[in-house]
Amino acid sequence: MWQDFVFLAGSVLSIVFLAPTLRDKTAQIPLGSSMPSMTIGSIYTITYATLGMRFSALGSAGVAIMWSLIVCYRSPGPHDGPGNIPRFLKDLSRRGRRLMTGFRTDDHSTPSGHDQSAD
């Protein structure tokens, strides 16, 4: 199936374009960008594999691995390594709880919207 090779080519290009970011020790990619990209790459890998598109699945796995490495080693902050994933998820959960309870993330005592501008 020719579409399998088209998706593989797109993934290979993504890997090529991500490689400089991974090699650059000064690069700082926010976890809010890299975690979703890593997750989407992983979901695409599983989806392509279940459709029998082996080459597309292989390419998406490569993209997911690149984003995983960026998550672990090119995110801003004092920590490196796979521990960035649970730290991000914990922070995301904390922010979600604050959003649901109506409090701003930087002030636990002020309900959101009361002292913020519309801009």
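Residues numbered from 1 in each chain as written. Predicted model: local features only at pLDDT ≥ 70, side-chain atom pairs only at ≥ 80, totals over all residues. Heavy atoms only, no water.

**Details of the confidence of the model for the protein**
Note that predicted coordinates carrying low pLDDT should not be read in detail.
Point 1. Considering every residue of the protein, the mean pLDDT works out to 87; 86% of them sit at 70 or more.
Point 2. Scored below 50 in pLDDT, residues 110-119 makes eleven contacts in the model with residues more than four places away or belonging to other chains. (pLDDT = per-residue confidence, 0-100. Contact = heavy atoms within 4.5 Å.)

**Describing the packing of helix α1 (residues 2-23) against helix α3 (residues 54-73)**
Point 1. Running from N to C, α1 and α3 cross one another at 15 degrees; their axes reach a closest spacing of 8 Å. Considering the angle they form, α1 stands roughly parallel to α3. Crossing angle aside, the handedness with which α1 passes α3 is left-handed. Of the residues in α3, those in contact with Gln3, Asp4, Phe5, Phe7, Leu8, Ser11, Ser14, Ile15, Leu18, Ala19, Thr21 and Leu22 of α1 are Arg54, Phe55, Ser56, Gly59, Ser60, Gly62, Val63, Met66, Trp67, Leu69 and Ile70.
Point 2. Its residues placed into classes, the contact of α1 with α3 shows 13 nonpolar, eight polar and two charged. (Axes fitted to C-alpha atoms, helices over the stretch in contact; angles between N-to-C directions. Helix = DSSP H or I, 4+ residues; strand = E, 2+ residues; numbered from the N terminus. Parallel < 35°, antiparallel > 145°, perpendicular 65-115°, else oblique. Left-handed = near helix turned anticlockwise from the far one by under 90°. Nonpolar A, V, L, I, M, F, W, Y, C, P; charged D, E, K, R; others polar.)

**Considering the packing of helix α2 (residues 31-50) against helix α4 (residues 84-101)**
Point 1. For the pair α2 and α4, interaxial distance at closest approach is 11 Å and the crossing angle is 110 degrees. The angle between the axes of α2 and α4 places the two elements in the roughly perpendicular class. Residue-level inspection shows Leu31, Gly32, Met35 and Met38 of α2 in contact with α4, the latter providing Asn84, Ile85, Phe88 and Leu89.
Point 2. Its residues placed into classes, the contact of α2 with α4 shows six nonpolar, two polar and no charged.

**Thoughts on the environment of Ser14**
Point 1. As for its placement among the helices and strands, Ser14 is situated in helix α1.
Point 2. Taking the C-alpha atoms as reference points, Ser14 and Val63, 49 residues apart in sequence, are found 6.7 Å from one another.

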